[in-house]
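Read off the chains here:
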Amino acid sequence: QVHLVESGGGLVQAGGSLRLSCAVSGSIFSINSMGWYRQAPGKQRESVAVITGGGSTGYAVSVKGRFTISRDNAKNTVFLQMNSLKSEDTAVYYCNADLIFSDYKHQVYWGQGTQVTVSS
């Protein structure tokens, strides 16, 4: 069965860095896209960064220049390098994957979420 396993969240002071990881576990045909979302208390979930199967990337305006999404194709793992963290980045971060299976159907999976807390 397919699971997304996240790691890397934690506590960090403003200006610091964290690196999040998300690994796809299970048998898949290919990855259409993977990305990161976040949800702060009292706010709706928002897209932070995305990387397509072809390697194209996109970022929310609020994180451009500070966050970088990357992947290790051999390990079906996506990363989010977060630099120059601000208190506004505090949220639960969720990994998202649009996966393609052997019948060529898409299914969207979510990781369990990892807490990122940036202190002032």
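Above this note sits the structure.
Just so we're clear, the structure is a prediction, and the values are computed from it rather than from any experiment.

Draft legend 1. Here's a closer look at the layout of surface pockets. Approximately 170 Å³ is the volume attributed to the largest pocket. The wall of the largest pocket is formed by 13 residues, among which Ile 31, Met 34, Gly 53, Arg 71 and Asn 73 lie closest to the centre. Those elements that place two or more of their residues in the lining of the largest pocket are β4 (30–39), β5 (46–52), β7 (67–72) and β8 (77–82). Grouping the constituent residues of the lining of the largest pocket by class yields four nonpolar, seven polar and two charged.

Draft legend 2. Structural view of the sheet that holds strand β1 (residues 3–7). The four strands are arranged β1-β3-β8-β7 in an open sheet whose pairing can be described as antiparallel. The open sheet terminates on both sides in strands that have one partner only, identified here as β1 and β7. Strand after strand, the sheet turns through a mean of 15° between neighbouring axes, direction not considered.

Draft legend 3. Layout of the pattern of salt bridges. All told, the structure shown has three salt bridges when counted by the stated rule. Note that Asp 89 and Arg 66 form a salt bridge whose closest N and O atoms lie 2.8 Å from each other. A residue pair is termed long-range when its members are at least 10 positions apart, and Asp 89 in the loop between β8 and β9 (91–100) and Arg 66 in the loop between β6 (57–59) and β7 qualify at 23 residues. Comparing Asp 89 with Arg 66, the two get one shared label, buried. One salt-bridge network, held together by shared partners, links Arg 38, Glu 46, Arg 66 and Asp 89.

About the cut-offs
Residues numbered from 1 in each chain as written. Predicted model: local features only at pLDDT ≥ 70, side-chain atom pairs only at ≥ 80, totals over all residues. Heavy atoms only, no water. 1 Å grid on protein atoms, 1.4 Å probe; cavity = no way out; pocket = protein on both sides within 12 Å on 5 of 7 lines; lining within 4 Å. Points joined across faces, edges and corners; volume = space filled by probe spheres on them. Helix = DSSP H or I, 4+ residues; strand = E, 2+ residues; numbered from the N terminus. Nonpolar A, V, L, I, M, F, W, Y, C, P; charged D, E, K, R; others polar. Pairing = 2+ DSSP bridges. Axes fitted to C-alpha atoms, helices over the stretch in contact; angles between N-to-C directions. Salt bridge = Lys/Arg side-chain N within 4 Å of Asp/Glu carboxyl O. Buried < 20%, exposed > 50% of the residue type's maximum accessible area, 1.4 Å probe, protein only.

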